[in-house]
Every structure is written in structure tokens, then in C-alpha cells.
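Coordinate inspection notes
One-letter residues, chain by chain:
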Amino acid sequence: MIVTESNHWSTIINVILQSYFSNLTTTCILRHKDYDLASPSTGVNFNAYLHINPGTLEESFDTDIYNYTQQDDDFNRNGIFYDNWTRKFVAAIKQTHCEGFVAFQDDIPKFARTYRKASVYSIWRPIQSKFLFVYTKEQQREDYFQDLLFKNAANILIIESEYKNSTQFNIKTNKFVGSLFENPQELQQITQFDALTGKFEPKVDLILRNKLQNLQGREIIVGAFDYRPFMVVDFHRLPQYYDRAEDNPRHLAHVDGTEMHIVHTFCALYNCSVQVDTSEKEEWGMVFPNYTANGLMGMIIDDKTHMGMGAMYLWDLAYKSLDQTIFLGRSGITCLVPAPTRITSWNLPISPFQYTLWLGVFLCLFWEMLALFLTRLFEERVVEKKKISAIWSSIEFGYVTTLKLFISQGSDYVVNSHTVRTILFACYMIDIIVTSIYAGGLSAILTLPALEEVADSVERLYRHNITWTATSYDWIVSITVNESEESDPIYSSLLANYRVNSMSEMRRKAKTENMGFVLERMAFGHFGNGDFITPEALQRLKLMVDDIYYQFTVGMVPRMWAHLPKYNDLILAWHSSGLSQYWEWKIVADYMNANEQNQVQASMYTQVDAGPVKLDMKNFAGLILPWFIGIFISCVVFIGELIYYRWEKRREN
């Protein structure tokens, strides 16, 4: 290799590194024997760079300061296939936080394939990676730029020359903008560099900002199913967008929603077009440890869609395989539970008074009985001057008279003493006040029915041990991954009581079953996942007063999604301007039953009819119980008296 060649390549590469990579943390460079980066006359202005030599990659692991044991164990445990390139790049991205990448000649296609996997397997991710690819056309053996990386990444620069000793270098980039059917990976020249003069012709901004400002109709494909109000899919409303689902023969669908409207706004600002894929009808999907998935998230990983949304939460396992937008909204998981029913009041006779008041009443009756007993005994011995006065007859007088006065009945005893008459009057006054208060309390109880406790909070849902249900295990993923909640006895019990049912089963059980039905409470008071609600169900269900848990909803996008920074900026502006509240109300008004939403919200409060209520047996069940007890005791006493009478008669004979 001659010095001039080396200097020419070193000059252009270092110029690009200084202008295009200077703001990055680390740049990874795949060394190549035909390209020398050393240049004593040029100061390279970046923080750090990591050299990787593909030719000696196999031997480098033994001398590398990084211990690959844990990484290899994770790969093998999760069933992930990897080669040495993947192994090396995962460690480089994870440990050195590589944001810039430089590859040469025949290493370019292999790097592109490896980087797409390594960027997913590494838990660390840059906001916006940058790539520089260098090659000469005389040594090119294949088309280097057909990989998905060149279709989906925006920050790509390419240095191309005709020969190894060229002084003229073409600076190119992938087209990126425009329809996906117009080969966005196609290369376009943006300038030319003359190594002899050190100038670009024409002079351009190598940061490529305009590429993301005007997408020129580039499609953003959103995976969606009808999950209102977060995501609305309707095949009859207008306007309609192209639907890639094979089971939709018209390939047209109307899409909207509180989260989808941000996509429409984004495309209006940056000149992109919205497409949708409704192949997945009702599942968000699950992500597995080997970086595969099904449902909507699987469609993103398989590069069928660019976004997935519809109340997707900040799931940790999904974050390992996908990127997530900043929060789109708040969603609380609550339940519609069986409404309280009227208690069959078997304790109705004692309900008007508290237990302490009943104790006071019984003490008062005891003192009445004692006073009547003593005054009756005084009357017989002092007033009537009976020589023989039976104490038992005085006790009987005090006991029977006290009970008769308490129930406002007269007495057939003849009373001569003014003392006894005075005591009787005082006792009668006390008893008539007590019985009047008791009658008023009993009337109030009969007028206002007593309701049983309902499982309308997390603590009561746990205490009542009620089963709750939804259509997927996704509803409890956020609890199971949270160790503090999973170890909590309340949440452990709730997890054990959770059941999965189809929407048709939930719709049927909501009319009859004693269980909770999951509902999503949105940030501004509306509810999602209410397809199971019917008029019959609303009559017997009540909204919980709190949330079982809550999460922030996000949009799922693939790793390295080029639009993510601008999309996040739009979401922040969306929230700060108050549009999130406005569009939640508007989407609910346009696509959902407002009366049903109001009924669900109102059901959180106790549903008691304030109008007249017909009395039934439940109102008098408590009165029947003392009657049965009295009849039973009377029968026992009657049988006892009958036996005693016959026994006495037999003794006389």
C-alpha cells in the first residue's frame, strides 16, 4: 500500500468522523487491511473508538478483557443462536455503548445482518445510531446494500471510489424517504470530496436532517385491532386507509383512537402516509426470552408493521426486544363487581339500638323490676300488714309487670300503696319513651334497606375472595413482574383468583356470575375494554372505587426505529397542549356509547332507589325469627307444665 493511498482514505474518513460522529459516545470500527485510518496531520474529534478486526475475530476472545461467560450463558439459556460476530457486537454495544459504526468493503453486508441482531440482544440502545460504510467499486463482489438496515436506518453515509488510489470520493446515502415500494435502500449521491483540495462539491450538511423532516409519503404501518377508545378499527367509516390484512378483501379500513390520532398528526407534520394491518384481531401478544413474539408485538419483530398500539403497557420483557415510545396515557386496571344486595335482616328486632344501648335498656328493666319487687314487698308487709308475705309473689309481680310495661300492656294486679303506684308511673314513662324511640328506629330500618358489603376495593376484593376475569394473561403481567406486589399477600391472592375467559364468555357471565370483570380506567375518566357490558349486566354490576394497579401506555416500535425521537417530541407537545384530554373526550363521543360510560361511572356510587319501595318478606324476616323462637319456647314450656301437672296429680292420688 502506498502512502498517498493511505493518506487519501485517511483524510476523507477522518473528515467524516469529525463532522458526523463527533457527538457520539463511542465509535466501533471494523478494521480492514486495505484502509488505513492513521493520519498524523488530522486530529480526530470523537470521544472514544473501538477497533474490531474481523480477520482475527476468533483469536480475539482469549485476549479480550471482557468476560463473555455470562453473556454466553444468557444466550444458551434463552435459546438464542449466535455466531462470533454477534457475540462481539453485543458486548461492544452493551459495554462500550457504541453509537457509531464504520465498516469496509466485503464486511458491510455481514455487519448489517449482525448489527440488526446485536442491537436487539443488547439491553443498551442508542437513541440514534450512525453508520459509515466505505468501499471501492473495483473490489465490489456483490450488492452490499440490500439488507433491511439500509431500508430502515436514516443516518447512513457511504464513501465510494472507483479505485483504491482514487482522489475523488463520492459521498452517498440511502434514499430512505418515499414509498417502501420505491426501494428506500437505493443509494443517492449527495456530494463529492476531492482529497487533493480537501473540499466537498457541492457543500452540504452531512447530518442529513432533511431526510426525517419530509418523508415524501413513506408508509408507517400500524398493527391494530378494535380496542376502543385507544384504537378504533371500523370497515365502514371514512376516511379509510390501506389495510395489509389478507382476510380483508377490500384492503381498506378506518383507523382512529386516542393513541392512533397521534400517528395521524405525525404523518400530517412529516409528510408520511398511514397504513394499517388488522390481521391480529384481539391480542397484544407475548414476547419470549429468545426475542420472538406473537400477536401485535410479533408482527413488529417480524418487520410486518412499524408500530403496535392499543393500551400496551411498559412491559419489561417487551422492552428487551422492542423499543417503546414515551407514555401515551395512563390506564388503571379496575373491575366491575356484583352490586350490593339487600341484607335479609334476621337481626331486625335488635337493629334499631346499638349493643351498648341495649345493655342500658336491660339494666333499666332490671332496676325497674328490682324497684317494683321492693315496693310490692313493702306494700304487703307495711301497708297491708300481712303476717306472712311471700317473697316469690313480689318477685313475680316485679318481673311480670316490668315486661308488661315495656310492651305497653296493662296489669291485673291490685295495687293499694301510693309508693307502688308512683313507681309504676315512673316505669311507664321511661318505657313509653324507650319503646317510642325503638319504634322510630325500626321504621327507619324498614324504610332504608340495609345493603351487604360489596367487593369494590382491592382490599375487599381480596377479603371476599372473588374471582376476576379478562380475555388474556397480559392483564396481570405487570403484577407478576413486580416482585414487591407479587410477594404481597393481597396481590398473591388476586393472582390466584384471576381467570381467562373469552369476550363472549365474559358477556354471558356478567349477567349472572358472582365475579369481577376487568375494565380499563383512562386518565380522564372514561373506560375501555367494555365490550362485555350489556344493559342486563349494568343493572347488577358496580364499579370499584380504586384501581387494582395502573400503568402508563406506550407504543411499541422496532429497535432502531428512525422516527422515534421526533415521535416522542410530538407526544410531549401533545400532552403539554392539552390535546390528550380533548381527544379522549372526542373519541369516546364519536365512537362509544356515552350513556353507557356515564352509567359505569355512576355505578361506583351506591345504587339505592330513593322512591317508594314495596315491602316484601326480606323486610320482615327478622320479625319472624323471634316469633318462631317464642313458639318453640312456648311449646317446650307447655310440655314441661303438662308433665309437671300430671306428675303432681299422680302424687296426690
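Predicted, not measured: the structure shown is a model, and the values here were computed from it.

When you go through the protein residue by residue, the secondary structure sums to 23 helices and 22 strands. The C-alpha atoms of the protein give 42 Å as radius of gyration, which overshoots the globular expectation for 653 residues (26 Å, by more than 25%). Structurally, the protein occupies a C-alpha span of about 150 × 60 × 45 Å along its principal axes. Taken across its 653 residues, the protein has 47% of its residues classed as buried.

Applying the stated criterion across every chain yields a total of 48 aromatic pairs. Summarising the aromatic geometry, the rings of Phe 89 and Phe 101 are spaced 6.4 Å apart at their centres and angled 40 degrees between planes, so their arrangement reads as tilted. A residue pair is termed long-range when its members are at least 10 positions apart, and Phe 89 in helix α4 (residues 84-96) and Phe 101 in strand β3 (residues 98-104) qualify at 12 residues. Like Phe 101, Phe 89 is buried. Both rings, one in Trp 468 and one in Tyr 498, keep their centres 4.9 Å apart while their planes meet at 65 degrees; by these two values the pair is edge-to-face. With a gap of 30 residues between them, Trp 468 in strand β17 (residues 468-470) and Tyr 498 in strand β18 (residues 498-500) connect regions that are remote in the sequence. For Trp 468, a relative accessible area of 0% corresponds to the buried category. Since its relative accessible area comes to 4%, Tyr 498 is described here as buried.

This part covers the state of the cysteines. Scanning the model with the defined rule gives two disulfides in all. Disulfide pairing places Cys 28 opposite Cys 98 at an S-S distance of 1.8 Å. Between Cys 28 and Cys 98 the sulfur-sulfur dihedral comes to about 70 degrees; the bridge is accordingly right-handed. With Cys 28 in strand β1 (residues 26-30) and Cys 98 in strand β3, the pair connects residues that are 70 residues apart, well separated along the chain. At a sulfur-sulfur separation of 2.2 Å, the disulfide partner of Cys 267 is Cys 272. Taking the torsion about the S-S bond as the criterion, the Cys 267 to Cys 272 disulfide, at about -100 degrees, is left-handed.

Counting all residues, the mean pLDDT for the protein is 85, and 91% of those residues have values of 70 or more. Every residue in residues 1-6 scores below 50 in pLDDT, and together they form eight contacts with partners more than four places removed in sequence or on other chains. Low confidence marks residues 39-44, where pLDDT is under 50. Its contacts with residues over four positions away, or in another chain, come to eight contacts.

Overall, mixed pairing links the eight strands, which are arranged β2-β1-β3-β4-β5-β6-β7-β8 in an open sheet. Looking at which strands have only one partner, the edges of the open sheet turn out to be β2 (49-52) and β8 (199-201). Taken pair by pair, the neighbouring strands of this sheet meet at an average axis angle of 25 degrees, ignoring direction. Pairing of strand β6 (residues 168-174) with strand β7 (residues 187-194), which is carried by seven bridges, proceeds in the antiparallel orientation.

Note that Arg 218 resides in the loop between α7 (210-213) and β9 (219-223). Of the side chains with opposite charge, Glu 219 lies nearest to the buried Arg 218, which makes no salt bridge, at 6.4 Å. Here the side chain of Arg 218 touches Lys 151 through a polar contact of 3.0 Å, landing on its backbone oxygen. Ignoring any residue separated from it by four or fewer positions in sequence, one finds Arg 218 in contact with Lys 151, Asn 152, Phe 176, Gly 178, Ser 179, Leu 180, Pro 184, Asn 271, Cys 272, Ser 273 and His 563.

When β7 meets β8, the two strands line up antiparallel, connected through three bridges. Looking across to β8, one finds that Asp 194 is bridged to Lys 199. With antiparallel pairing between neighbouring strands as the criterion, β7 and β8 make up a hairpin whose turn holds four residues, including Gly 198 at a positive phi of roughly 70 degrees.

Below, the discussion takes up helix α13 (residues 418-447). For the α-helix, the turn length of 3.6 residues means that residues three or four positions removed from each other point alike. Under the 1.5 Å per step criterion, the end-to-end length of α13 is 43 Å for 30 residues, consistent within 8% with the ideal 44 Å. Residues Val 420, Leu 424, Cys 427, Asp 431, Val 434, Thr 435 and Leu 442 constitute the buried set of α13.

Of all hydrophobic cores here, the largest spans 41 residues; its most connected members are Met 297, Trp 315, Leu 461, Trp 468, Trp 475, Ile 548 and Met 556. Among the elements that line this core, the one with the most residues is helix α9 (residues 295-301), at four residues. The residues touching Met 556, leaving out its near neighbours within four places in the chain, are Met 297, Ile 300, His 306, Met 307, Gly 308, Met 312, Tyr 313, Trp 315, Ala 318, Leu 322, Asp 323 and Gln 324. Leu 215, Ala 224, Cys 267 and Cys 272 belong to the second largest nonpolar core, which has 38 residues in total.

All right, on to the packing of helix α8 (residues 260-270) against helix α20 (residues 564-576) then. Two measures define how a pair of helices packs: the angle their axes make with one another and the distance between the axes. Interhelical geometry of α8 versus α20 gives an angle of 115 degrees and a closest axis separation of 11 Å. Where α8 crosses over α20, the two elements pack in a sense that is right-handed. Contact residues: His 261, Ile 262, Val 263, Thr 265, Phe 266, Leu 269 and Tyr 270 in α8; Lys 566, Tyr 567, Leu 570, Ile 571 and Trp 574 in α20. Grouping the amino acids of the contact of α8 with α20 by side-chain chemistry returns nine nonpolar, two polar and one charged.

Along strand β22 (residues 549-557), seven of the nine residues are buried, which leaves the element largely enclosed by surrounding structure. In terms of strand pairing, strand β14 (residues 307-313) meets β22 through three bridges, oriented antiparallel. The residue bridging Gly 308 from the neighbouring strand is Met 556, located in β22. Bridging between strand β15 (residues 323-324) and β22 involves two bridges; their strand directions are antiparallel. Paired with Gln 324 across the strands is Met 556, a residue of β22. As defined by bridge partners, strand β16 (residues 329-338) adjoins β22 across five bridges and the pair is classed as antiparallel.

Reading the values: rules and limits
Residues numbered from 1 in each chain as written. Predicted model: local features only at pLDDT ≥ 70, side-chain atom pairs only at ≥ 80, totals over all residues. Heavy atoms only, no water. Helix = DSSP H or I, 4+ residues; strand = E, 2+ residues; numbered from the N terminus. Rg over C-alpha atoms; globule rule 2.2 N^0.38 Å. Buried < 20%, exposed > 50% of the residue type's maximum accessible area, 1.4 Å probe, protein only. Phe/Tyr/Trp six-rings, centres within 6.5 Å; stacked < 30°, edge-to-face > 60°. Disulfide = S-S within 2.5 Å. pLDDT = per-residue confidence, 0-100. Contact = heavy atoms within 4.5 Å. Pairing = 2+ DSSP bridges. Axes fitted to C-alpha atoms, helices over the stretch in contact; angles between N-to-C directions. Lys, Arg positive; Asp, Glu negative; His and termini not counted. Salt bridge = Lys/Arg side-chain N within 4 Å of Asp/Glu carboxyl O. Polar contact = N/O pair within 3.5 Å; in protein donor to acceptor, adjacent residues only side chain to side chain. Expected span 1.5 Å × (residues − 1). Core = buried A, V, L, I, M, F, W, Y, C linked by side-chain atoms within 4.5 Å. Left-handed = near helix turned anticlockwise from the far one by under 90°. Nonpolar A, V, L, I, M, F, W, Y, C, P; charged D, E, K, R; others polar.

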